[in-house]
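# Geometric and topological summary
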Amino acid sequence: MPEGDTVWQTAKRLHAALAGKTLTRTDFRVPKYATVDLTGRTVLDVIPRGKHLLTRIEGGLTVHSHLGMEGSWKVYAEHQRWTGGPTHQIRVILTATATATHTSASASASASTIAPTTIPGPAHTAVGYRLPVLDLLRTTEEQRAVGHLGPDLLGPDWDPARALTNLLGDPARPLGEALLDQRNLAGIGNVYKSELCFLLRVTPWLPVGALPAEHTTQLPVLAKKLLEANRDRPIRSTTGRRGQDLFVYGRANRPCLRCGTPIRAADQGDGSRERPTYWCPDCQAGPAPSTTPGTTTRRRTQHRTSN
């Protein structure tokens, strides 16, 4: 599931494959940009912003994408088989080639001249699959896409005090929903929501304002620590235990790693977007839906979240 650490890793791979190279093929498979051709332009940079990706291209353009729940970017070398999904799920293709200039001497009757020759290097192709958001923006207008985001947990703008102020702005809101709202702080998804609440020993349904004071100040620090620890890991881990990577997420009906009580699961969301949520009924204090171990129930509230 793409979260801030996944997006950071994706940006790193895309930057390594594309940045500083010339686009030799661009294919946008969304109606709005079907006729766009960016070939001949240089890719300048690829940066993550929360759960968004910004690919900056020569000429003041930015390809903005969001992975959503199932999207991904894959990078392929020349002649490598594409394995990211069926062809109809491809939303964009960007092929970039590095070029090197060599010089060679050519003799003439009067003098020797130096003739530069441009030789194409290896090409890499970035393929965006199942991207729910794909836009082409002026780089100067990137704020239209990401200006609503709170401090980025893995970005240079990270500000724990502002993130905490944002979270506490609606004290009656369930903690889990507040953590998912990217306007509060950018980068947390459903996995880290459940894991953070477990580490803080409170349920995701506890109102933010009821969070114990010692946990309140710890929350943004712990969130950043988790994402930073995982941004370079191939397998996400919050436990530090090999083979037991997560404390509660995806572990419904399995024993809690702390106390042995069966982990429970229920949906949490704003009524339009329900997300499976996991917690230990013994280790975590606070309100929670009434469920039996291993079952999932729906719990609707009136708050809305933003990506």
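Located above this text is the structure these notes cover.
What you are looking at is a predicted structure, and each value in this text was computed from that prediction instead of being measured.

Right, let's get into the overall build of the protein chain. A tally of regular secondary structure across the protein chain gives six helices and 10 strands. Counting the 307 residues in the protein chain, one finds 48% classified as buried. The contacts of the protein chain with a sequence gap of at least 6 include a subset with a gap of at least 24, amounting to 67%. Here the protein chain has roughly 14,500 Å² of accessible surface; of this, 51% comes from carbon and sulfur atoms.

We now examine helix H1 (residues 4-18). Residues lying three or four places apart along an α-helix face the same way, a consequence of the helix completing one turn every 3.6 residues. Between its first and last C-alpha, H1 extends 21 Å over 15 residues, near the 21 Å set by a 1.5 Å rise per residue. Here H1 has its buried residues at Gly4, Asp5, Val7, Trp8, Gln9, Thr10, Ala11, Leu14, Ala17 and Leu18.

This part takes up the sheet that holds strand S2 (residues 43-49). Taken in spatial order, the four strands of this open sheet run S2-S3-S4-S8, and their pairing is antiparallel. If you trace the sheet from one side to the other, it starts and ends with S2 and strand S8 (133-138), each paired once. Taking each pair of neighbouring strands and ignoring which way they run, the sheet shows an average axis angle of 20°. Note that S2 and strand S3 (residues 52-57) share six bridges and pair antiparallel. Looking at the pairing, Ile47 lines up with Leu54 of S3.

On to the pattern of salt bridges. What the rule picks out here adds up to 10 salt bridges. Between Asp27 and Arg29 there is a salt bridge whose closest N-O contact spans 3.0 Å. Its salt-bridge partner being Arg173, residue Asp181 comes within 2.8 Å of it at the nearest N-O pair. Like Arg173, Asp181 is buried.

Of all 10 residues in helix H5 (residues 190-199), nine are buried; the element is thus mostly enclosed. All of the buried residues in H5 are Asn190, Val191, Tyr192, Lys193, Ser194, Glu195, Leu196, Cys197 and Phe198. If you follow the buried residues of H5, they end up packed against H1, helix H4 (175-180), helix H6 (213-230), strand S9 (264-269) and strand S10 (274-279). One or two residues past the end of H5 sits Arg201, with phi positive at roughly 65°.

Reading the values: the criteria
- The residue count restarts for each chain, going from 1 along the sequence in the order it is written.
- At least 70 in pLDDT is required for a residue's local features to be given in this predicted model, at least 80 for side-chain atom pairs to be given and counted, and no such filter applies to totals for whole chains, interfaces and linings, which use all residues.
- Values shown for side chains rest on all heavy atoms present in the structure; no hydrogens or waters enter the calculation.
- In this description a helix means any DSSP run of H or I spanning at least four residues, a strand means any run of E spanning at least two, and both kinds are numbered starting from the N terminus.
- Burial classes follow relative accessibility: with a 1.4 Å probe on protein chains only, a residue under 20% of its type's maximum area counts as buried, one over 50% as exposed, and anything between as partly exposed.
- The contact criterion used is simple: two residues touch if any of their non-hydrogen atoms lie within 4.5 Å.
- What sets the accessible areas is the Shrake-Rupley method with a 1.4 Å probe; for residues, cover comes only from the shown protein chains.
- A helix is expected to reach a length of 1.5 Å times the quantity of its residues less one.
- Pairing between two strands requires that DSSP report at least two bridges joining them.
- Each axis is a line fitted through C-alpha atoms, taken for helices only over the stretch in contact, and angles between the N-to-C directions span 0 to 180 degrees.
- We define a salt bridge as a side-chain nitrogen of Lys or Arg found within 4 Å of a carboxyl oxygen belonging to Asp or Glu.

Any functional reading would require information that these geometric values do not contain.
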